[in-house]
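# Summary of the model geometry
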Amino acid sequence: MDFFGDGEDRSTSAPATGGGSGRDADANEKPDDDAPSSPSAPASAPTSAPTSAPLADRLRPCTFEQWVGQDELTGADSFLMRLLETGTIPSLIFWGPPGCGKTTLARLIASRSEMALTPLSAVTSGMKEVRTVIEGARKRLKSTGQQTILFIDEIHRFNKAQQDAFLPHVENGTIVLFGATTENPSFSVISALLSRARVLVLKSLAPEALVRIFKRALADDAIGLGSFRANVDDATLTALAGVCDGDARRGLNLLEQCVAAARPAGDGTRTFDQALLAEVSRRTHLLYDKTGEEHFNVISALHKSVRSSDPQGALYWLARMLAGGEDPLYIGRRLVRMASEDIGLADPQALPQALAGVETFRMLGSPEGELALAQVAVYLATAPKSNRLYTAMKKTKKMIAETGSLGVPDHLRNAPTQLMKDIGYGKGYQYDPDAPDGFSGQQCLPDELEGTQFYEPGEFGFEKDIAKRLAWWKKRRDELR
């Protein structure tokens, strides 16, 4: 079932070697109960966990028939199912959030193949264990002709040099590499490995899939919660699905806790409702990684909401980042950037508003200062938009790259010494405040760029006034020539 994901051993506090942060163990992934006794010994096909294991582990799918969700990957006519039919299994990278089924899917694929499976965790294993597995795989291939699947959980925790060590063995067919990661492989897995593997993208489980999983858990007498005779209505199960961020392992953990916390009635049945769920769940985290892909996804959503003049979206994504533990000053810096990049001179007050919001937060801190950031986000979202200044700066930089260091016109040059004055520095310069209408019309670009337009104002907000001024100045400049 897609309801559990990566058997990431997240109970350890060992530091990461390749980036990323620890998370709860994945429900679809089996912990170390069924790990081989030695790194070179292949694991057997998935089996049910002992009854002492957590509910999420006991309900881990053992066959594709038990799998829930990820239909685009495991549907009857999917790429993956066609590969399994042919028996051709390439190296695979399983990428998805916690509790979505990464490790379980890897195990199910291995059980359908004729290859041996040896799992390792990048959290608890090093290159010594990897070398032992590869040597065992080499001997197995030579003596029996059987290939080995080396499954590396949390592969993003291996650094570049460690990941490089897999390349020759993947290349010559000694091992088929399976890797599970919650981090974007584009950034966490070296390109040489990515070029030799297929990336399978798993998604958070939809609420309806989670509800199916919960109902199975409640009905199963053997490995589920059936013996508790729990009564839970669909509305409560849907609410439970809503608080676990698509993570079936977390949802099953909460379900188990809620059933245990519900008081049994006289007939032995247990009923829990949304009030008990709220008491047990008390959300303490959101799916947000301050240094990973979700960080960039959410700040992108905030920026694009502002750019799209949607204050509702801007407020939501701002609050999501704050609730996820993001540094409010980082958000403030990005809001300042938006004020110049997306609004610019269409509303000259946007930049002072953004700077004032950041300074207010510095003064008040959290949570009071967060309101100032919200004020800035709404102000920017509802301000007239213009990227003309941003575009003009890009155009100017491009021109400089193409034309080099063009000379400053003599009349604009500084002339602090008599020698400089004698050779023409500053000659012909006109002081505009003394000119009629306060405008001299003198040329300020290098001769080679005379007449070039870098900044062209838009039609909204204050830029309408700027456009009128530029048109008037152009007319006066033409008259003075």
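In short, a report on the structure. What you are looking at is a predicted structure, and each value in this text was computed from that prediction instead of being measured. (Residues numbered from 1 in each chain as written. Predicted model: local features only at pLDDT ≥ 70, side-chain atom pairs only at ≥ 80, totals over all residues. Heavy atoms only, no water.)

### Some thoughts on the sheet that holds strand 2 (residues 116–121)
This is how it is decided: Any two strands are treated as partners once DSSP identifies two or more bridges connecting them. For the purposes of this entry, the term helix denotes a DSSP run of H or I that reaches at least four residues, the term strand denotes a run of E that reaches at least two, and both are numbered from the N terminus. To obtain an axis, a line is fitted to C-alpha atoms, over the contacting stretch when the element is a helix, and the angle between two such axes runs from 0 to 180 degrees between their N-to-C directions.
The parallel open sheet is built from five strands, whose spatial order is 2-3-4-1-5. Both outer strands of the open sheet, strand 2 and strand 5 (197–201), are each paired with one neighbouring strand and no more. Across the sheet, the axes of successive neighbouring strands diverge by a mean angle of 20°, strand direction being ignored. Sheet topology places strand 2 next to strand 3 (residues 148–153); six bridges connect them, and they run parallel.

### As for the pairing of strand 1 (residues 91–95)
Put simply, the test is: To sort residues, take the accessible area from a 1.4 Å probe on protein chains only and compare it with the maximum for the residue type: under 20% means buried, over 50% means exposed, and anything in between is partly exposed.
When you tally the buried positions in strand 1, you get five out of five residues, the bulk of the element. For strand 1 and strand 5, the ladder comprises five bridges, and the chain directions are parallel. Across the sheet, the residue bridging to W95 is V201, located in strand 5. Direction of pairing for strand 1 relative to strand 4 (residues 175–181): parallel, over a ladder of four bridges. Each residue of the ladder has a partner; that of L92, found in strand 4, is F178.

### Looking at helix 10 (residues 207–219)
Stated precisely, the cut-off is as follows: Each residue after the first adds 1.5 Å to the expected span of a helix. Contacts are assigned to residue pairs with any non-hydrogen atoms lying within 4.5 Å of each other.
Over its 13 residues, helix 10 extends 18 Å from the first C-alpha to the last, a length consistent with the 18 Å expected when each residue adds 1.5 Å. The set of residues buried in helix 10 consists of A209, L210, V211, I213, F214, A217 and L218. For helix 10, the elements touching its buried residues are helix 1 (55–58), strand 6 (230–231), helix 11 (234–243) and helix 12 (248–261).

### Focus: the layout of surface pockets
Put simply, the test is: With a 1 Å grid laid over protein atoms only, a set of points is called a cavity when a 1.4 Å probe fits there but cannot get out and a pocket when it is open yet has protein on both sides within 12 Å along at least five of seven lines; lining residues have an atom within 4 Å of a point. Grid points are joined across faces, edges and corners, and a volume is the space filled by probe spheres set on the points. Here the nonpolar group is Ala, Val, Leu, Ile, Met, Phe, Trp, Tyr, Cys and Pro; Asp, Glu, Lys and Arg are the charged ones; every other residue, Gly included, is treated as polar.
Space inside the largest pocket adds up to approximately 740 Å³. Contributing to the lining of the largest pocket are 23 residues, with L445, T452, Q453, L470 and R477 lying nearest its centre. Among the residues forming the lining of the largest pocket, the class breakdown is 10 nonpolar, seven polar and six charged.

### What about the nonpolar core?
The test is simple: Working definition of a nonpolar core: buried Ala, Val, Leu, Ile, Met, Phe, Trp, Tyr and Cys residues. They are joined through side-chain atoms within 4.5 Å.
Counting 30 residues, the largest nonpolar core has F214, L218, L252, L255 and F272 as the members making the most contacts within it. Among the secondary structure elements, those contributing two or more residues to this core are helix 1, helix 10, helix 11, helix 12 and helix 13 (274–281). By residue number, the principal contributor to this core is helix 10, which donates seven residues. Residues V298, L302, A350 and A383 belong to the second largest nonpolar core, which totals 27 residues.

### Re unusual backbone geometry
In this structure, P367 follows S366 across a cis peptide bond, with omega equal to 0°. Here P367 lies in the loop between helix 17 (350–364) and helix 18 (370–382). Despite not being glycine, E154 shows a phi value in the positive range, around 55°. If you trace the backbone, E154 turns up in the loop between strand 3 and helix 6 (160–164). Take E154: its relative accessible area is 1%, and that puts it in the buried class. If you check the backbone angles, D437 has positive phi at about 65° while not being a glycine. Relative to the helices and strands, D437 is located in the loop between helix 20 (418–422) and helix 21 (463–480).

### Quick notes on the pattern of salt bridges
Worth spelling out the cut-off: Each salt bridge in this description consists of a side-chain nitrogen of Lys or Arg and a carboxyl oxygen of Asp or Glu lying within 4 Å of one another.
Within the structure shown, the criterion is met by 17 salt bridges. Residue R196 is joined to E171 by a salt bridge in which the shortest nitrogen-to-oxygen separation is 2.5 Å. Within this pair, whereas R196 is found in the loop between helix 9 (191–194) and strand 5, its partner E171 is found in helix 7 (residues 167–171), the two being separated by 25 residues in sequence. Residues participating in the shared-partner salt-bridge network are R307, R337, E341 and D342.

### Focus on the packing of aromatic side chains
Rule in force here: Any two rings among Phe, Tyr and Trp, with Trp reduced to its six-membered ring, count as a pair given centres within 6.5 Å; such a pair is stacked if its planes are under 30 degrees apart, edge-to-face if over 60, and tilted if neither. Charge-over-ring placement is defined geometrically: NZ (Lys) or CZ (Arg) within 6 Å of the ring centre, and within 35 degrees of the ring normal.
Overall, the coordinates contain five aromatic pairs when judged by the stated rule. Plain terms: the ring middles of F439 and W473 are 6.1 Å apart, the flat faces sit at 20° to each other, and that makes the pair stacked. One end of the pair, F439, is in the loop between helix 20 and helix 21; the other, W473, is in helix 21, with 34 residues separating them in the sequence. For W473, a relative accessible area of 34% corresponds to the partly exposed category. In this structure, R198 is placed above the aromatic ring of F79, and the distance from its NZ or CZ to the ring centre is 3.8 Å.

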